[in-house]
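Each chain is listed here by its residues.
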Amino acid sequence: MAPSTRWLVLCLITQLHLILAQTNASTIFIPEANTIIGINLPDDGSNDINFYVSSPDWYQYSAIGFGSSMANSLILVIYPSADHRSVTVSPRFTDGNTEPTHQPLKITLHSGTELSPTTGQMTANGTCHGCRNLHTTSRDSNSIASQKDAIPSDVQTAPVMFAVGPNSGAFSSDDLDARIRRHVAHGIFNIDIAKSTGPGGVGTPTNVTQHVSFPDDDSSLKKSSNKAATAHGILFAIVALAIAPFDTLVAAFLGRRWPKLHVVTGSTYFLFVLGAMIPGIVISREHILTAKMGTGHQVLGLLTVAVMFVMVVWGFVVRRTQGAGGPAGGWMKQVHAWGGRGIWVALLINNGLGLKLSEQTKLLMLGYAVLAGGVFVFLIPIYFCMWRCTSARKPKTTIEEDHELYNMPSIYDHEARYGYGRQ
Ligand code: HEM
Ligand SMILES: *[C@@H]1O[C@H](CO)[C@@H](O)[C@H](O)[C@H]1NC(C)=O
Ligand SMILES: *[C@@H]1O[C@H](CO)[C@@H](O)[C@H](O)[C@H]1NC(C)=O
Ligand SMILES: *[C@@H]1O[C@H](CO)[C@@H](O)[C@H](O)[C@H]1NC(C)=O
């Protein structure tokens, strides 16, 4: 053999050795999310965790967590770095099913960490130092000192969570405390502690799942439901696009004949608003941005509901004073009527702000704007017709009817008489 050939063979053998080298790592391939995760627990007495996570960058983030529920588990969130060439790995904690916040744990990133310009795959190959048992490495921050062990030492398998964030365009940041959104999918698997303990790190994990098991033998990726947010959005769309205009029509035109009708539709309207607000308040707690109820959408929403409550009470007061034959109080009815119109406009606008806050697609926002505009275009002729009808019938009103009107006035009949549809 020529010396050069000998070198080539030697080289090949060493390379082959590298490829065949078994690493002591648990790896999992999640085909639905095109994700590979590898975990290795070095046996050097360090309490480090070597991790490897590779996911497509169409997700806002890819995250792993050590535990079976979000609360008090160490979570590593991975997202593209600001220059879009590498990834940011942010260690985080939370105390419930809410957006986790960054905690200063030491993370080292190794070779192989990148955002591939060809495949768009974001890959983190790193070590979380002293992360296996966070209490003994307790830091100044109480929140970390009180966490449970990420990987307990007295068990054979340990649960690891996985979650991916929604597609959010080209999200990228170097900020370890960057705001993230709720996941679109999540899963849990168990790593085999003995088989993932050893030297050599995670190696180069491939799409082979090994040394992992699944709770209830269910290896599927779960779609994260977001029922509260969907209910909140749909209920408010129904309120602003159907119930509010219907109640306004009833109040303006049918109130004279059947004054109690507006009491019924108005109360339904108010109950719907309260019912739609409750899931909104529940989901507000989930994200740091919304937990303090300070965003424009939340402030306008709460103000609108407060004004609506006042207007409901106001409406009953107007009915009371008139029913008791008190002063007609035209200005009081005007306040109620204009308050009602203002509430409707505020609801229409606030739905738009809500769609913006939840980063809905342009198409959905446009669809909403078209629907909202359509409701106005649809209602204008109806208002006009009804105004014409009611004012045409007016001269025929008999004295008896007028008497009846005086006893059971509607809080809106003022508009019906003086031309609600005229503006
Ligand atoms: C803004 C950030 C986050 C929010 C608001 C959030 C919210 C929630 C909520 C409400 C649930 C209950 C189940 C559901 O309704 O689908 C849940 C479950 C879950 N989350 Fe998160 N999450 C966030 C981030 C993360 C991250 C970064 C991970 C990382 C692994 C994660 C892992 C999980 C897992 C595995 C479950 C299912 C297990 C369980 O129900 O406890 N979450 N999350
Ligand atoms: C990940 O890092 C380890 C430790 O530095 C290294 O041995 C391994 O080759 C890296 N994996 C990849 C895929 O680059
Ligand atoms: C670590 O990997 C080596 C090489 O495959 C293997 O011989 C050894 O048994 C493994 N150790 C454990 C604890 O699984
Ligand atoms: C894993 O990767 C290999 C080589 O790239 C490919 O042939 C194989 O089909 C993949 N397996 C799965 C389950 O995707």
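Under the annotation held in an unreviewed UniProt entry, the chain carries the name DOMON domain-containing protein and is attributed to Triangularia verruculosa.

How should a nonpolar patch on the surface be read in this particular structure?
A cluster of nonpolar side chains, namely Phe-309, Val-310, Val-313 and Val-317, defines an oily patch on the protein surface of about 330 Å² accessible area. The residue Val-313 is located in helix α7 (residues 296-323) in this model.

Help me understand the UniProt feature "transmembrane region" (unreviewed entry) in the chain in this model?
UniProt's entry tags residues 233-254, 261-283, 295-317, 338-357 and 363-386 with the feature "transmembrane region" (unreviewed entry), counted in the numbering of this structure. For residues 363-386, helix accounts for 100% and strand for 0%, while the C-alpha atoms at its two ends are 34 Å apart.

Whenever I open this one, the packing of aromatic side chains confuses me. Can you help?
The geometry of two aromatic rings is summed up by the distance between their centres and the angle between their planes. Under the criterion given, the structure shown has five aromatic pairs. Taking the centre distance of 5.7 Å and the plane angle of 55 degrees together, the rings of Trp-58 and Tyr-59 count as tilted. With centroids separated by 6.2 Å and ring planes inclined at 80 degrees, the aromatic side chains of Trp-314 and Trp-331 adopt a geometry described as edge-to-face. Pair noted here: Trp-314 is in helix α7 and Trp-331 is in helix α8 (residues 330-357), with a separation of 17 residues, a long-range link. For Trp-314, a relative accessible area of 24% gives the class partly exposed. A relative accessible area of 57% places Trp-331 in the exposed class. Across from the ring centre of Trp-338, 4.1 Å away, lies the NZ or CZ of Arg-341, which sits over that ring.

I'm lost on the site of ligand 1 in this one. Help?
If you check the shell around ligand 1, you find 25 residues, and the closest are Met-70, Asn-97, Arg-182, His-183 and His-186. Arg-182 is positioned such that a nitrogen or oxygen atom in its side chain is 2.5 Å from an oxygen atom of ligand 1. His-183 is positioned such that a nitrogen or oxygen atom in its side chain is 2.7 Å from a nitrogen atom of ligand 1. Under a 2 Å grid-point criterion requiring more than half of the atoms, the pocket assigned to ligand 1 is the second largest pocket. For the shell around ligand 1, the secondary-structure elements that each account for two or more residues are β4 (62-66), β11 (157-164) and β12 (185-192).

Which parts of the structure should I look at to understand the coordination of the iron atom of ligand 1?
Octahedral metal centres with six donors ideally show angles of 90 or 180 degrees, and tetrahedral centres with four donors ideally show 109.5 degrees. Here the iron atom of ligand 1 is held by Met-70 (SD) and His-183 (NE2), and the distances to it run 1.9 to 2.1 Å. We classify Met-70 as buried; its relative accessible area is 16%. Given the relative accessible area of 18%, His-183 is considered buried.

What's the story with the state of the cysteines in this structure? I'm lost.
Think of a disulfide as a covalent bridge from one cysteine sulfur atom to another cysteine sulfur atom. In this structure the tally under the stated criterion is one disulfide. Across a sulfur-sulfur distance of 1.9 Å, Cys-128 and Cys-131 are joined as a disulfide pair. Of note, the bridge from Cys-128 to Cys-131 carries an S-S torsion of about -70 degrees and is left-handed in sense. Exposure class is identical for Cys-128 and Cys-131. Each is buried.

Mind showing me how you'd approach the layout of surface pockets here?
One water molecule sets the probe size; rolling that probe over the atoms shows where empty space is left. As a volume, the second largest pocket reaches approximately 510 Å³. Forming the boundary of the second largest pocket are 27 residues, of which Met-70, Asn-97, Ala-163, His-183 and His-186 lie nearest the centre. Looking at the lining of the second largest pocket, the elements with two or more residues in it are β4, β5 (74-80), β11 and β12. Looking at the lining of the second largest pocket residue by residue, the class counts come to 12 nonpolar, 11 polar and four charged.

Criteria and cut-off values
Residues numbered from 1 in each chain as written. Chains lettered and ligands numbered in written order. Predicted model: local features only at pLDDT ≥ 70, side-chain atom pairs only at ≥ 80, totals over all residues. Heavy atoms only, no water. Patch = residues over 30% accessible without salt bridge, like charges linked within 9 Å, V, L, I, M, F, W, Y side chains within 5 Å. Areas by Shrake-Rupley, 256 points an atom, 1.4 Å probe, with all protein chains shown as cover. Salt bridge = Lys/Arg side-chain N within 4 Å of Asp/Glu carboxyl O. Helix = DSSP H or I, 4+ residues; strand = E, 2+ residues; numbered from the N terminus. UniProt positions renumbered as here; feature names shortened; annotations may be inferred. Phe/Tyr/Trp six-rings, centres within 6.5 Å; stacked < 30°, edge-to-face > 60°. Buried < 20%, exposed > 50% of the residue type's maximum accessible area, 1.4 Å probe, protein only. Lys NZ or Arg CZ within 6 Å of the ring centre and 35° of its normal. Near = heavy atom within 4 Å. Polar contact = N/O pair within 3.5 Å; in protein donor to acceptor, adjacent residues only side chain to side chain. 1 Å grid on protein atoms, 1.4 Å probe; cavity = no way out; pocket = protein on both sides within 12 Å on 5 of 7 lines; lining within 4 Å. Sits in = over half its atoms within 2 Å of the grid points. Donors = N, O, S within 2.8 Å, 3.2 Å for Na, K, Ca; no water. Disulfide = S-S within 2.5 Å. Points joined across faces, edges and corners; volume = space filled by probe spheres on them. Nonpolar A, V, L, I, M, F, W, Y, C, P; charged D, E, K, R; others polar.

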